[in-house]
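Take a look at the letters that make up each chain.
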Amino acid sequence: MAAFTERMAPVLLLLSVCLSGAWAVDRGNFKTCDQSAFCKRQRALKPGHSPYRALLETMELTNTRLTLQLINDNNKVRLLLELYRLQGNMTRVKINELKPLKPRYEVPDVLIREPPTEPLSLISKDENGVVLSLGSESQRVIVSARPFRLDIMEGSDVLMSLNSRGLLAFEHLRMRKDTFSYKVTSTVASVWNNIKSVFTSQAEPEPEPEAEAEKKEEADPENQGEEAVKEEEEKSEDGMWEETFKSHSDGKPNGPSSVSLDFSLPGVEHVYGIPEHADNLKLKTTDAGDPYRLYNLDVFQYELFNPMALYGAVPVMVSHSAQRTMGIFWLNAAETWVDISSNTAGKTVFGKMLDYVQGSSETPQTDVRWISESGIIDVFIMLGPTPYDVFSQYASLTGTQAFPPLAGLAYHQCRWNYNDQEDVRSVDSGFDEHDIPYDFIWLDIEHTDGKRYFTWDPHKFATPKEMLQGIMDKRRKMVAIVDPHIKVDSNYKIHNEIRSKGFYIKNKDGGDYEGWCWPGNAGYPDFTNPEMRAWWASMFAYDQYEGSMENLYTWNDMNEPSVFNGPEVTMHKDALHGSWEHRDVHNLYGFYVQMATAEGLIQRSGGVERPFVLTRAFFAGSQRYGAVWTGDNAAEWEHLKISIPMCLSLGLVGISLCGADVGGFFKTPNSELLVRWYQTGAYQPFFRAHAHLDTPRREPWLFGPENTALIREAVRQRYALLPYWYQLFYQAHHSGHPVMRPLWVEYPQDTVTYAMDDQFLLGRDLLVHPVTEEGSRGVTAYLPGQGEIWFDVHTFQKHNGAQNLYIPVTMSSIPVFQRGGSIIPRKARVRRSSSCMEDDPYTLYVALSAQRTAEGELYIDDGHTFNFNKKEFIHRSLSFAKNVLSSSNLAPDAQYSTQSWIERILILGSSKPSKVTLRTADGQESQLEFDFDASMSVLTLRKPGMNAGIDWTVVLQ
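Definitions and limits used
- Residues numbered from 1 in each chain as written.
- Predicted model: local features only at pLDDT ≥ 70, side-chain atom pairs only at ≥ 80, totals over all residues.
- Heavy atoms only, no water.
- Helix = DSSP H or I, 4+ residues; strand = E, 2+ residues; numbered from the N terminus.
- Buried < 20%, exposed > 50% of the residue type's maximum accessible area, 1.4 Å probe, protein only.
- Disulfide = S-S within 2.5 Å.
- Contact = heavy atoms within 4.5 Å.
- Polar contact = N/O pair within 3.5 Å; in protein donor to acceptor, adjacent residues only side chain to side chain.
- Lys, Arg positive; Asp, Glu negative; His and termini not counted.
- Salt bridge = Lys/Arg side-chain N within 4 Å of Asp/Glu carboxyl O.
- Pairing = 2+ DSSP bridges.
- Axes fitted to C-alpha atoms, helices over the stretch in contact; angles between N-to-C directions.
- Parallel < 35°, antiparallel > 145°, perpendicular 65-115°, else oblique.
- Nonpolar A, V, L, I, M, F, W, Y, C, P; charged D, E, K, R; others polar.
- pLDDT = per-residue confidence, 0-100.
- Phe/Tyr/Trp six-rings, centres within 6.5 Å; stacked < 30°, edge-to-face > 60°.
- Lys NZ or Arg CZ within 6 Å of the ring centre and 35° of its normal.

With respect to unusual backbone geometry
Peptide bonds are mostly trans, and most non-glycine residues show a negative phi.
Okay, so step 1: Of note, the bond from Pro 275 into Glu 276 is cis; its omega dihedral lies within 30 degrees of zero at 25°.
Okay, so step 2: Of note, Glu 276 is situated in the loop between β14 (270-273) and β15 (292-294).
Okay, so step 3: Residue Pro 385 follows Gly 384 across a cis peptide bond; omega there is 15°.
Okay, so step 4: Within the fold, Pro 385 resides in the loop between β20 (377-382) and α7 (387-398).
Okay, so step 5: Phi angles above zero are rare outside glycine, and Lys 246 is one such case at about 55°.
Okay, so step 6: Position of Lys 246 among the secondary structure elements: in the loop between β11 (242-245) and β12 (248-251).
Okay, so step 7: In this structure, Phe 454 takes a positive phi of about 70° despite not being glycine.
Okay, so step 8: Relative to the assigned elements, Phe 454 resides in the loop between β22 (440-443) and α9 (464-473).
Okay, so step 9: Judged by its relative accessible area of 7%, Phe 454 is buried.

A closer look at the state of the cysteines
Okay, so step 1: Counting across every chain of the model gives two disulfides.
Okay, so step 2: Each sulfur in the disulfide pair Cys 33 and Cys 39 lies 2.0 Å from the other. Taking the sign of the S-S torsion, about -100° here, the bridge from Cys 33 to Cys 39 comes out left-handed. In this structure, Cys 33 and Cys 39 share a single accessibility class: buried.
Okay, so step 3: Here Cys 647 engages in a disulfide with Cys 658; their sulfurs sit 2.1 Å apart. Here the disulfide of Cys 647 and Cys 658 is left-handed, its torsion about the S-S bond being about -75°.

Observations regarding helix α15 (residues 671-681)
Okay, so step 1: With 10 of 11 residues buried, α15 is to be regarded as a mostly interior element.
Okay, so step 2: Taken together, the buried residues of α15 touch β21 (411-413), α14 (637-652), β33 (661-662), β34 (687-689) and α16 (705-720).
Okay, so step 3: If you check the start of α15, you find a side-chain oxygen 3.2 Å away from the backbone N of Glu 672, and it comes from Asn 670.

Concerning the side chain of Lys 477
Okay, so step 1: Tracing the backbone through its elements, the reader meets Lys 477 in strand β23 (residues 477-481).
Okay, so step 2: For Lys 477, which is buried and forms no salt bridge, the nearest opposite charge comes from Asp 439, at a distance of 5.1 Å.
Okay, so step 3: For Lys 477, the residues in contact, after removing those within four places along its chain, are Ala 407, Asp 439, Phe 440, Ile 441, Ile 471, Asn 551 and Tyr 553.

Side note on the sheet that holds strand β45 (residues 854-860)
Okay, so step 1: The 11 strands are arranged β50-β49-β53-β47-β46-β45-β43-β44-β48-β52-β51 in an open sheet whose pairing can be described as mixed. The open sheet is flanked by β50 (925-927) and β51 (929-933), the only strands paired with a single partner. Ignoring strand direction, the axes of neighbouring strands in this sheet form an average angle of 20°.
Okay, so step 2: Both strand β49 (residues 916-920) and strand β53 (residues 952-956) contribute to a ladder of five bridges, which runs antiparallel. Counterpart to Arg 919 in the pairing with β53 is Thr 953.
Okay, so step 3: Contacts from helix α17 (residues 722-735) reach β43 (822-826), β44 (842-847), β45 and β46 (874-881), with the element oriented near 85° to β45.

Concerning the packing of α16 against α17
Okay, so step 1: The N-to-C vectors of α16 and α17 enclose an angle of 55°; their axes lie 5 Å apart at closest approach. Our classification of the angle between α16 and α17 gives oblique. The segment α16 lies against α17, with Arg 718, Tyr 719 and Ala 720 engaging Leu 722, Pro 723 and Trp 725.
Okay, so step 2: Residues that form the contact of α16 with α17 fall into these classes: five nonpolar, no polar and one charged.

Considering the pairing of strand β25 (residues 514-517)
Okay, so step 1: Burial along β25 is one-sided: the face carrying Gly 515 and Cys 517 is buried and the face carrying Glu 514 and Trp 516 is not.
Okay, so step 2: Two strands pair when backbone bridges link them, and β25 and strand β26 (residues 520-523) are joined in this way by four bridges, in the antiparallel orientation. Counted as the bridge partner of Gly 515 is Ala 522 from β26.
Okay, so step 3: What sits between β25 and β26 in their antiparallel hairpin is a turn of two residues.

Let's talk about the side chain of Arg 140
Okay, so step 1: Positionally, Arg 140 belongs in strand β7 (residues 136-144).
Okay, so step 2: Residues in contact with Arg 140, not counting those within four places in the same chain, are Ile 123, Val 131, Leu 132, Leu 134, Asp 151, Ile 152, Met 153 and Gly 155.

Looking at the environment of Thr 853
Okay, so step 1: Here Thr 853 is to be found in the loop between β44 and β45.
Okay, so step 2: Looking at Thr 853, the relative accessible area reads 32%, which means it is partly exposed.
Okay, so step 3: Counting along the chain gives 31 residues from Thr 853 to Val 884, while the straight-line C-alpha distance between them is 9.3 Å.

A short note on the confidence of the model for the chain
Okay, so step 1: On average, residues of the chain score 91 in pLDDT, and 90% of them are at 70 or above.
Okay, so step 2: The model gives residues 347-358 a pLDDT under 50, and that stretch makes six contacts with residues more than four places away or in other chains.

Description of the packing of aromatic side chains
Okay, so step 1: A complete count under the given rule lists 48 aromatic pairs for this structure.
Okay, so step 2: With a centroid separation of 6.1 Å and an interplanar angle of 50°, the aromatic rings of Trp 442 and Phe 686 are classed as tilted. Note that Trp 442 is positioned in strand β22 and Phe 686 in the loop between α15 and β34, a separation of 244 residues in sequence.
Okay, so step 3: Seen in terms of ring centroids, Phe 454 and Phe 540 are 5.0 Å apart; in terms of plane orientation they differ by 65°. Their pairing is edge-to-face. With Phe 454 in the loop between β22 and α9 and Phe 540 in the loop between α11 (530-538) and β27 (552-556), the pair connects residues that are 86 residues apart, well separated along the chain.
Okay, so step 4: Exposure remark for Phe 540: the relative accessible area of 0% places this residue in the buried category.
Okay, so step 5: Every member of this aromatic cluster is reached through a ring pair, and the members are Phe 454, Trp 456, Phe 461, Phe 527, Trp 536, Phe 540, Tyr 545 and Tyr 589.
Okay, so step 6: Of note, Arg 688 hangs over the ring of Trp 629, and the distance from its end group to the ring centre comes to 5.0 Å.
Okay, so step 7: Its guanidinium or amino end placed over the ring of Trp 725, Arg 718 lies 4.2 Å from that ring's centre, counting from NZ or CZ.

What follows is the structure, given as structure tokens:
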């Protein structure tokens, strides 16, 4: 939460934010590109002739990699290029200084392993460049020498070019050479050499000191520098060694260290990804404004439709055209800006048609430039060619979505803050009284003893285990917040242990870094330190986290990290994580916090139970540790709408377990907005209502009986679909495929879908078009797929694909369609929580295609442990063809039993049979009762009764 209470007066003064004022982001608290010295410097470079050329004589080619030196002809600094062909149709390009003054930061822990390589082979080489094979004859890498350029080709088509616009720029580490420091350094060196000569004149020759060796390197053209450095190289531009923003100064002991590289994508008009931004799914061009910024920040009620940074940063961009899908993964954790330009930007549909009619030869192209403040260039080029190939490629690098416990996919009730144990008990009872299911109730920062995490308020939450047991008795759970800022208090065990172990981040002078956050003065643990993470994980043990129980889970907020009195409400970049500056690791901080917390929840159960951890800040790879949400949104219709592209963007880069605060965190929704938000949230992966401390209470039953009934129905629809949600997340965990998908993922040739972000698919088989307009009496949904059929899940009405369908709506409408050719399992008996439904029966919804076939799956396990990794699950294939519906085992080596059975089967688009026969694996055969609705062509098979985990066949005659 980025809002502020009256008790935090010092913080209010520091941030100049007041709740009585406008509820909107103060953009003056956050930098533009012009206010970020390295971004301004890099962006001042214009496309044109690159100063870099490849020194082909330095090329070395092994079976797995190519190395090659690049030289900047302006300053004679040399870089080392490494190129790898990776398994799975990927290419990795690394560029670093050949001989940096000190090591440059390379991101650890994000990749799940060192990516396996495949052989590279040389096709040809001359003075102009080299051509390498990427395995097949048609796929090649061409390295051009002067200027340096790298092209990836397939056949005669250029898939992607690097440095084709000449915007490679690598600021090498250097000694500061202003007049005073240079003279002092020279004098000291001269005195030292004179003293040394006295003592060593009679001695054996010693190895050259580093300073002398560096001088020789500088004089040697084979090394990275020359004495004849250009004057423009030496002059100290504003912000190179120090910059200020508002009242904050950022000293840069390493000087300018930014890196930049451009990528050109011929034939591409649509790019997506690089979350987190409150913007449309299709990324915009940035020529007329700021680049998209990737820098994890605590943004107080963010604005929509601009490229400002938000809470998380995943430096992955996905391009898509009718010919190919590709991805770029820029592995750098420093502040990053991404510029996008296009030669078709701004052209109207008429203009594009005119080009076509007149035979314009201009190929559409998107150009992307990445700029990072420090580190190296380490980029993975994922060559697809299909969307699912790109998802699998990225998953092979950073891992897949953690498989959440089933309860994590159910409904969560939260606000800042439930007042005390009696309030929790009352809200819990209210759900039962109004027959609304929920699985998790959440506690925000006020549940602690004075914002000391891992503690409970001794008056308001005096007996937490009693409270947790009461919730457990109803088979429900709780989430409590644990933030990564630690109150500086000598009577606080957590603080004392972190300080005594030296685990706090340090300031530039070596003392513990401190800043303001919710507790007041706070220290920030160094989560980049694996010893710190191990200690943090140990604090979740039941004997350490007093009052905790197995049904208590965790929420990591404020982990950008948020520092109320810091620059841009975050940590000073010159703070130290061991030997690395915070500027190098900033975007990793939240990733590490969630990693350590998830590990703690796993360890406390002896490695048996799956964790549930929600994080606000994230990076590439965060999907391995839990859920994210879109932060401090507002109770406005536009914020409801933007939740769809924000979660779609996250899904494209591996993070499927995404949601937005239902109802909006800030402000107060009217009943129409609240109902529509519940209806939308019920069909998004992470389903949680949340509200600000200063908003009126908004439990689902507080808006009158009619609205209570509408919200109840939306939540019940979510619970009925939990078998499908769970199956989708099992698949996402194994494949990396997103759960919530843009339509173009399934219909990659359909250009109509490319910029569509007001509707989405869940898996392949459910299409959702939420109602997100105030006072709406109808929506127009696009049903994709020439020759496909879509069934309204509420009325079973059949519609053809490849059409825009106008749907009249009332306040009870949630437009959802099931694809013809699919089978979706549901549970019709909705109870107070998901675990209460564990043994309940299934209803199968069989939606026939035009060819009268259908297929689907059913996945069952215990819902909460890691035993699925031990082959303790049921995974069944469901198929319908030639009037036969059957269930067969997809995992014959797995062992698990269930008490659930098949209670009902609905076949949509059916004809009326004369009889229906059930045959089970043990040879039993029986006739099934059925009803047939001729007006809707729906056949209902009643009480077939077979166990959900066995083989069976239903024959229609």
